Amino acid sequence: MTPIRNVLIIGGSGFVGTALAERLTADGCRLVIPTRHRERARHLLPLPMVDVREADLFDPPTLATLMTGMDAVVNLVGVLHSRSGSPFGPDFARAHVELPKRLVAAARQAGVQRIVHVSALGASADAPSEYQRSKAAGEAEIRAAAPDVAWTILRPSVIFGPGDSFLNLFAGLLRRFPVLPLGGAGARFQPVYVGDVADVIAEAFLRSDAAGQTFDMAGPTRYSLQELVEYVGDLTGCPRPVIPLPEGLAMLQAGLLEMLPGPLMSRDNVRSMRAPNVSDGPPQPWGRVPTPLEVIAPMYLGKSNKRCRYTAFQLHRP
Ligand SMILES: NC(=O)c1ccc[n+]([C@@H]2O[C@H](COP(=O)([O-])OP(=O)(O)OC[C@H]3O[C@@H](n4cnc5c(N)ncnc54)[C@H](OP(=O)(O)O)[C@@H]3O)[C@@H](O)[C@H]2O)c1
């Protein structure tokens, strides 16, 4: 296989993209990271060999230019909210289906040899949520890249790590409110460390047996949402009573939250929790041992917890 040196990371300004950019630049790759707003990718500028470009990915000549000279492309674009529609709304369609379709066409045209696409665990044409159905349609667009472009699809459960928007969201809510009414409290998750996701993407570039494969990305342990929220409460020193909401009330709560800008939760999010977000097979490819939540989460959530503060003090003592 030709070594992968030049990588285009679509959606690379976000949470996973940042971890991946750190990992790939450490491996000596040159990265091009397009963004709709340069300001959003400012934190990537200090990394060596990263070219951040403000770009409209839906403009064909722009996309063709971005693809030129690339050995591989990684697609990390994902949205959690959309106007509603059947089988999925227009914003899901644009980000999760139309964009992968355009990426495949442009990669083929430019002779890019590899594409790694991050989808989501639970993506399926008959899944309960529009998010999951649109992710399944996006996977189909990526698989159509073969044989011209070798593809690999990763399907993560919820991803944790410094800067995540899942555990940090609950940490913020627990700090602010004395009790937490929680929709989907019994929903099952198998959280995966963002560093594991970045490692698998980097390794997929090196392995010929990654081509044409779809891999789950999950952690070693399954938890209910309530267990995760209670764990975050313990870590942050803000343990609060969690009140599980029946689905009817959870939908009502989500419907109200949808009216806010950048909603915390939507009715589609509630529907997505009807199916367990866990892996039925190996949690990660190639016999990798997943990183436990309990090893990483205390490092970024545990600051207000006395014991963690003490550990941090010990670690940073000269
Ligand atoms: N985080 C999780 O727990 C999780 C779990 C399962 C699956 N996933 C999937 O993993 C991938 C990466 O997730 P993430 O957490 O890193 O997401 P993220 O932090 O929200 O970053 C996604 C990036 O996509 C770009 N983007 C969003 N909408 C776009 C649009 N309409 N057109 C062009 N660019 C757009 C944004 O870049 P700019 O604003 O800079 O343009 C953003 O930085 C996504 O596909 C997500 O669905 C994530």
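Residues numbered from 1 in each chain as written. Predicted model: local features only at pLDDT ≥ 70, side-chain atom pairs only at ≥ 80, totals over all residues.

Novice: I'd love a proper account of the sheet that holds strand β11 (residues 213-217), names of residues and values included.
Specialist: Overall, parallel pairing links the 7 strands, which are arranged β3-β2-β1-β4-β5-β6-β11 in an open sheet. Edge positions in the sheet fall to β3 (50-54) and β11, since each of these pairs with one other strand and no more. Within this sheet the neighbouring strands show an average axis-to-axis angle of 20°, counted without direction. Two elements, strand β2 (residues 30-35) and β3, share 5 bridges in a ladder whose sense is parallel. Bridged to Pro34 within β3 is Arg53. Along the sheet face, helix α1 (residues 15-26) touches β1 (6-10), β2, β3, β4 (72-75) and β5 (114-118) and points at about 160° away from the line of β2. (Pairing = 2+ DSSP bridges. Helix = DSSP H or I, 4+ residues; strand = E, 2+ residues; numbered from the N terminus. Axes fitted to C-alpha atoms, helices over the stretch in contact; angles between N-to-C directions. Contact = placed C-beta atoms within 7 Å.)

Novice: So what's going on with the nonpolar core? Which residues, and what values?
Specialist: Formed by 88 residues in total, the largest nonpolar core has its most connected members in Ile9, Val73, Val74, Ala107, Ile115 and Val197. No other element matches helix α6 (residues 194-206), which puts 7 residues into this core. Leave out the neighbours within four places in its chain, and Ile115 touches Ala72, Val73, Asn75, Leu103, Val104, Ala107, Ile142, Ala145, Val149 and Trp151. (Core = buried A, V, L, I, M, F, W, Y, C linked by C-beta atoms within 7 Å. Buried ≥ 20, exposed ≤ 12 C-beta atoms within 10 Å, placed from the backbone.)

Novice: Give a description of the site of the ligand that names residues and reports values.
Specialist: As a matter of local geometry, the ligand sits amid 24 residues, with Gly11, Ser13, Gly14, Thr35 and Gly78 nearest to it. Elements with a minimum of two residues in the shell around the ligand: α1 and α3 (90-110). When residues in the shell around the ligand are grouped by element, the largest group, 3 residues, is from α1. Taken together, the residues of the shell around the ligand sort by class into 14 nonpolar, 7 polar and 3 charged. (Near = placed C-beta within 6 Å. Nonpolar A, V, L, I, M, F, W, Y, C, P; charged D, E, K, R; others polar.)

Novice: Provide a residue-level description of the packing of α3 against helix α4 (residues 130-143), including the pertinent values.
Specialist: In the contact formed by α3 and α4, the axes pass within 8 Å of each other and the chain directions differ by 5°. When the axis of α3 is compared with that of α4, the two are roughly parallel. Residues Phe92, Ala93, His96, Val97, Pro100, Lys101 and Val104 of α3 form the contact with α4, whose own contacting residues are Glu130, Tyr131, Ser134, Lys135, Ala137, Gly138, Glu141 and Ile142. Here the contact of α3 with α4 is built from residues that sort into 8 nonpolar, 3 polar and 4 charged. (Parallel < 35°, antiparallel > 145°, perpendicular 65-115°, else oblique.)

Novice: Quick rundown of the confidence of the model for the chain? Include the residues and the values.
Specialist: Residues at a pLDDT of 70 or more form 95% of the chain, whose mean pLDDT is 94. In the predicted structure, residues 305-318 sits below a pLDDT of 50 and forms 7 contacts with residues beyond four places in sequence or in another chain. (pLDDT = per-residue confidence, 0-100.)

Novice: Tell me what's going on with α6, and back it up with residues and numbers.
Specialist: Taking 1.5 Å as the rise per residue, α6 with 13 residues should run 18 Å; its terminal C-alpha atoms sit 19 Å apart, in good agreement. Of all the residues in α6, the buried ones are Val194, Asp196, Val197, Ala198, Val200, Ile201, Ala204 and Phe205. (Expected span 1.5 Å × (residues − 1).)

Novice: Can you explain the environment of Ala72? Please cite residues and give values.
Specialist: Note that Ala72 resides in strand β4. A C-alpha to C-alpha distance of 6.4 Å links Ala72 and Leu8, two positions 64 residues apart in sequence.

Novice: Tell me about unusual backbone geometry, and name the residues and values.
Specialist: Ser86 connects to Pro87 through a cis peptide bond whose omega is -5°. Checked against the element boundaries, Pro87 lands in the loop between β4 and α3. Residue Pro147 follows Ala146 across a cis peptide bond; omega there is 0°. The backbone phi angle of Met49 is positive, close to 60°, even though this residue is not glycine. Within the fold, Met49 resides in the loop between β2 and β3. One non-glycine residue, Trp286, lies in the positive phi region at around 60°. Counting through the fold element by element, Trp286 comes out in the loop between α9 (267-272) and α10 (293-301). You can call Trp286 exposed: it has 12 C-beta atoms within 10 Å.

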